[in-house]
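Report on the structure
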Amino acid sequence: MHIPFLANLGDAFTLPSPVSHSHNHPKISISGRSPELPSGVAMAIAAPGQLNTTESPTWGSRSVDCFEKLEQIGEGTYGQVYMAREIRTGEIVALKKIRMDNEREGFPITAIREIKILKKLHHENVIKLKEIVTSPGPEKDEQGRPDGNKYKGGIYMVFEYMDHDLTGLADRPGMRFSVPQIKCYMRQLLTGLHYCHVNQVLHRDIKGSNLLIDNEGNLKLADFGLARSFSNDHNGNLTNRVITLWYRPPELLLGTTKYGPAVDMWSVGCIFAELLHGKPIFPGKDEAKQLSKIFELCGAPDEINWPGVSKIPWYNNFKPTRPLKRRLREAFRHFDRHALELLEKMLTLDPSQRISAKDALDAEYFWIDPLPCDPKSLPKYEASHEFQTKKKRQQQRQHDEAAKRQKIQHQQQQHSRLPPPMQQQSGQMRPNAPMQLVAGGHHYGKARGGPSSGSSRYPQGGNSSGGYNHHPNRGSGPYPPPQAYGRGSGGISGYVVGPPNYSQGGGSGGSYSGAGSAGGRGNAAMGGNRGQQYNNNNNNNNNNNNNNNWQ
Ligand SMILES: Nc1ncnc2c1ncn2[C@@H]1O[C@H](COP(=O)(O)OP(=O)(O)OP(=O)(O)O)[C@@H](O)[C@H]1O
């Protein structure tokens, strides 16, 4: 397999060193350097079998054949993600295939960035990159069919496997997170991000599908394809088109190229609000609409609330034509006081006044009752990744359409063909018969979690601090039985608009109802090709009862 070398890698590979917590991981010194590469960049670009580093001699030397692909669990801009089993140990891992569709562009820079950065970051809230494996020849997909890769080979990143991503989890039918659960996830998100920021790494694509969660309740930041290192004293220009549109902060939308960790904190604010509110709060269709959604809720920026804003490149193009007051408190008045206080600080227009991850962790919200729960106390759910939940919804739609067609056919037959007495005897068409639903999800136990127990390892009921409702109208995968939770009204259609039944008093039984179940949250833009948004094909079905006409 030929992997063209990359040129012009710029400063993407200059990671500050040493990274804290790295004592177990000796400083990277790379073998097999190519003379065509900038200093320190050889590792990820050597031919298969030569991706070795001195710290881990096996990196890149093993073939993907050491793993058995079980199921596709993700489809990103830069390649497919599979759940796989290491044949020798039985360990379940995630294989992220690096897409190399365009031979001329060579090995994707995003993959090199991701590898370089992840090799340096070691933290319990950051996904662990275990190794790189290669495939020297034509490849097969999970069903053993040729996968159509025209370059007859590939490179894979091997990650620890995580059962869910936050979007997939939130999108489960009737899913409801409890207050302690939201606090628990938010605290882990902030802890992981704080670790990245102190190690001078910007993530630049924080969104639900990049927050992975395992069945021990651990949350880890993933997808460092857009991440880069930054330096506090070096105020150089950075790429402007980063971060998925809905989670992109106003300074980027206004065209700034000088930014720092505050960009990630805006995205965290969007996720936080989404968890509390039950759906994405700024689902803009394009940059202009994105900004206007932000201004309608957070007010219009001016030199008073954001000194220097008028000098940002596109300020004059986008500044609102009418005065807009900040309405965050009013729009989310049903949130708990401490949650709202923290959200205000995250969704601050001026990045220099926006709260840092470190200060957010000190916020009252995390230190008053109900406290964040212990991750281990969280219920275990059937695996749910955004890719799969979308697929299931699609299957459900197809099913519904097929059922409708059958019903129509049946009615036509009744009218035209069968004599009345036979209709009842034939039994061949029963439009109201329950349809056999395709069971989604998968049932593999993790090697480290003891013997594989399939879906039986999921409890029949959640614990007192979390839970979910299974809504009868949202299909029936192999989920645990319906379970009412907290003060929720039950029978919610999964995606609730309007004030969630989030406990004002913050009692530990309080819950927010529904979960952001957008059909997709789009991709971060970079070089223009990550900017497209999926449709939010979520139920806009209960849009009437809402106080959210700012959206
Ligand atoms: N380690 C993992 N364990 C389980 N699932 C994973 C893992 N890594 C990724 N996934 C799944 O695959 C999806 C896509 O992964 P990832 O975001 O890393 O790919 P990408 O090509 O960079 O995607 P995007 O274009 O959305 O940025 C994730 O949302 C997640 O559902």
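Above this note sits the structure.
Residues numbered from 1 in each chain as written. Predicted model: local features only at pLDDT ≥ 70, side-chain atom pairs only at ≥ 80, totals over all residues. Heavy atoms only, no water.

Turning next to the site of the ligand. Near the ligand lie 24 residues; those nearest to it are Thr77, Lys96, Asp165, Ser209 and Asp223. In this structure, Lys96 approaches the ligand through a side-chain N or O atom, which is 2.7 Å from an oxygen atom. A distance of 3.3 Å separates a nitrogen atom of the ligand from a polar side-chain atom of His385. About the coverage of the ligand: the protein hides 95% of its 610 Å² of free accessible area. Listed by contribution, the elements that provide at least two residues to the shell around the ligand are strand E2 (67-76), strand E3 (79-86), strand E4 (92-98) and strand E6 (154-160). For the shell around the ligand, the class distribution of residues is nine nonpolar, eight polar and seven charged. (Near = heavy atom within 4 Å. Polar contact = N/O pair within 3.5 Å; in protein donor to acceptor, adjacent residues only side chain to side chain. Areas by Shrake-Rupley, 256 points an atom, 1.4 Å probe, with all protein chains shown as cover. Helix = DSSP H or I, 4+ residues; strand = E, 2+ residues; numbered from the N terminus. Nonpolar A, V, L, I, M, F, W, Y, C, P; charged D, E, K, R; others polar.)

Pairing is antiparallel in the open sheet, where three strands are placed in the order E7-E10-E11. With partners counted over all chains shown, the strands left at the sheet margins are strand E7 (164-165) and strand E11 (219-221), one partner each. Direction of pairing for strand E10 (residues 211-213) relative to E11: antiparallel, over a ladder of three bridges. Residue pairing across strands places Leu211 opposite Leu221, the latter belonging to E11. (Pairing = 2+ DSSP bridges.)

Another point: the pattern of salt bridges. Under the defined criterion, the tally for this structure stands at 16 salt bridges. Between Arg62 and Glu86 there is a salt bridge, with its nearest N and O atoms 3.0 Å apart. You can see Arg62 sitting in strand E1 (residues 62-63) and its partner Glu86 sitting in strand E3, a full 24 residues away along the chain. Both residues of the pair, Arg62 and Glu86, count as buried. Between Arg62 and Glu131 there is a salt bridge whose closest N-O contact spans 2.6 Å. Of the two residues, Arg62 is situated in strand E1 and Glu131 in strand E5 (residues 129-135); the sequence distance between them amounts to 69 residues. For Glu131, a relative accessible area of 8% corresponds to the buried category. Counted as one network, the salt bridges with shared partners bring together Arg62, Glu86, Arg88 and Glu131. (Salt bridge = Lys/Arg side-chain N within 4 Å of Asp/Glu carboxyl O. Buried < 20%, exposed > 50% of the residue type's maximum accessible area, 1.4 Å probe, protein only.)

For Gln188, the location among the structural elements is in helix H3 (residues 179-198). Discounting residues that sit within four places of it in the chain, Gln188 has contacts with Asn125, Gly217, Asn218, Leu219 and Pro375. (Contact = heavy atoms within 4.5 Å.)

With omega at -5°, the peptide bond leading from Asp369 into Pro370 counts as cis. Among the secondary structure elements, Pro370 is positioned in the loop between helix H10 (357-361) and helix H11 (386-416). The phi angle at Gln200 is positive, at roughly 60°, despite the residue not being glycine. The topology assignment puts Gln200 in the loop between H3 and strand E9 (201-202).

With that settled, the discussion passes to the pairing of E3. Most of E3 sits inside the fold, with six of its eight residues counted as buried. Note that E2 and E3 share eight bridges and pair antiparallel. Looking at the pairing, Gln72 lines up with Tyr82 of E3. The turn joining E2 and E3, which pair antiparallel and follow one another in sequence, is formed by two residues.

Once that is clear, we can look at the packing of aromatic side chains. What the rule picks out here adds up to five aromatic pairs. Ring centres of Tyr365 and Phe366 lie 5.1 Å apart, and the angle between their planes is 75°; this geometry places the pair in the edge-to-face category. Residue Phe366 is classed as buried on the basis of its relative accessible area, which comes to 1%. Members of the aromatic cluster, each reached through a chain of ring pairs, are Phe272, Tyr365 and Phe366. Directly above the aromatic system of Tyr82 lies the positively charged group of Lys69, at a separation of 4.5 Å from the ring centroid. The side chain of Lys183 reaches across the aromatic face of Tyr365, ending 4.6 Å from its centre. (Phe/Tyr/Trp six-rings, centres within 6.5 Å; stacked < 30°, edge-to-face > 60°. Lys NZ or Arg CZ within 6 Å of the ring centre and 35° of its normal.)

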